[in-house]
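Spelled out, the chains give:
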Amino acid sequence: VRDLIAETHRRGLRIALAGSLRLAEAPRLLELRPDFLAVRGGACRGGRTGSLDPDLCARWADLVGNHNAEINPTESKTPASGETATGGETLATFL
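Every value quoted in this text rests on a predicted model; they were computed, and no experiment measured them. (Residues numbered from 1 in each chain as written. Predicted model: local features only at pLDDT ≥ 70, side-chain atom pairs only at ≥ 80, totals over all residues. Heavy atoms only, no water.)

On a plain count of helices and strands, the chain comes out with three helices and three strands. Going residue by residue from the N terminus, the α and β elements of the chain occur as α-β-α-β-α-β. Relative to its full complement of 95 residues, the chain shows a buried share of 38%. Contacts spanning at least 24 positions in sequence make up 38% of the contacts within the chain whose residues lie at least 6 apart. Counting only carbon and sulfur atoms, one obtains 51% of the accessible surface of the chain, whose full area is about 5,700 Å². (Helix = DSSP H or I, 4+ residues; strand = E, 2+ residues; numbered from the N terminus. Buried < 20%, exposed > 50% of the residue type's maximum accessible area, 1.4 Å probe, protein only. Contact = heavy atoms within 4.5 Å. Areas by Shrake-Rupley, 256 points an atom, 1.4 Å probe, with all protein chains shown as cover.)

The subject of this paragraph is the nonpolar core. Of all hydrophobic cores here, the largest spans 16 residues; its most connected members are Leu21, Leu29, Leu37 and Trp60. Elements represented by at least two residues in this core include exactly helix H2 (26–30) and helix H3 (54–71). Counting residues per element, this core draws most heavily on H3, at four residues. (Core = buried A, V, L, I, M, F, W, Y, C linked by side-chain atoms within 4.5 Å.)

Residue-level pLDDT values for the chain average 81, and 76% of them are 70 or greater. Within the chain, helix H1 (residues 2–10) carries the highest mean pLDDT (95), whereas strand E3 (residues 93–94) carries the lowest (60). Of the regions scoring below 50 in pLDDT, residues 77–90 engages in 35 contacts with residues more than four places distant in sequence or in other chains. (pLDDT = per-residue confidence, 0-100.)

What follows deals with the side chain of histidine 67. Take histidine 67: it is sitting in helix H3. Setting aside anything within four residues of it in sequence, one finds histidine 67 in contact with Leu30 and Glu31.

The subject of this paragraph is the pattern of salt bridges. The final tally for this structure, using the stated rule, is four salt bridges. Its salt-bridge partner being arginine 11, residue glutamate 7 comes within 2.6 Å of it at the nearest N-O pair. Ionic pairing is found between aspartate 55 and arginine 59, a salt bridge with its closest N-O pair at 3.9 Å. With aspartate 55 and arginine 59 both in helix H3, this residue pair falls four residues apart, about one helical turn. Each of Glu7, Arg10 and Arg11 takes part in a single network of salt bridges with overlapping partners. (Salt bridge = Lys/Arg side-chain N within 4 Å of Asp/Glu carboxyl O.)

Right, let's talk about H3 for a bit. The end-to-end C-alpha distance of H3, which contains 18 residues, comes to 26 Å, matching closely the 26 Å that a straight helix rising 1.5 Å per residue would cover. Among the residues of H3, those classed as buried are Leu56, Cys57, Trp60, Ala61, Val64, Gly65, His67, Asn68 and Ile71. Along H3, the residues classed as buried sweep out an arc of 165° about the axis, all on the same side. Structural note: H3 exposes Pro54 and Glu70 on the side pointing more than 90 degrees away from its buried face. Backbone nitrogen of aspartate 55 and a side-chain oxygen of the N-cap are separated by 2.8 Å at the start of H3; the cap is aspartate 53. (Expected span 1.5 Å × (residues − 1). Arc of directions from axis to C-beta. Polar contact = N/O pair within 3.5 Å; in protein donor to acceptor, adjacent residues only side chain to side chain.)

Right, here's the structure in full:
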């Protein structure tokens, strides 16, 4: 996965990681520097068929925002869906 992300970025493209992502896995996944983490079940009460859980969404957003601030302190956090970040470092966005 690390090589795929690196090659994607080398080609000037963006990449999302998705597929049954859980909050506990997020720190390890963010270290790989994807552009996006796409979650559904990981942000829902009772899994992917459940309703969005505001607490889980906030925890995802905080985790991604804190990660972004660590790798590029001059950029603002970008925790919300649809926000983008610019700069020399790859910042993740929570979708």
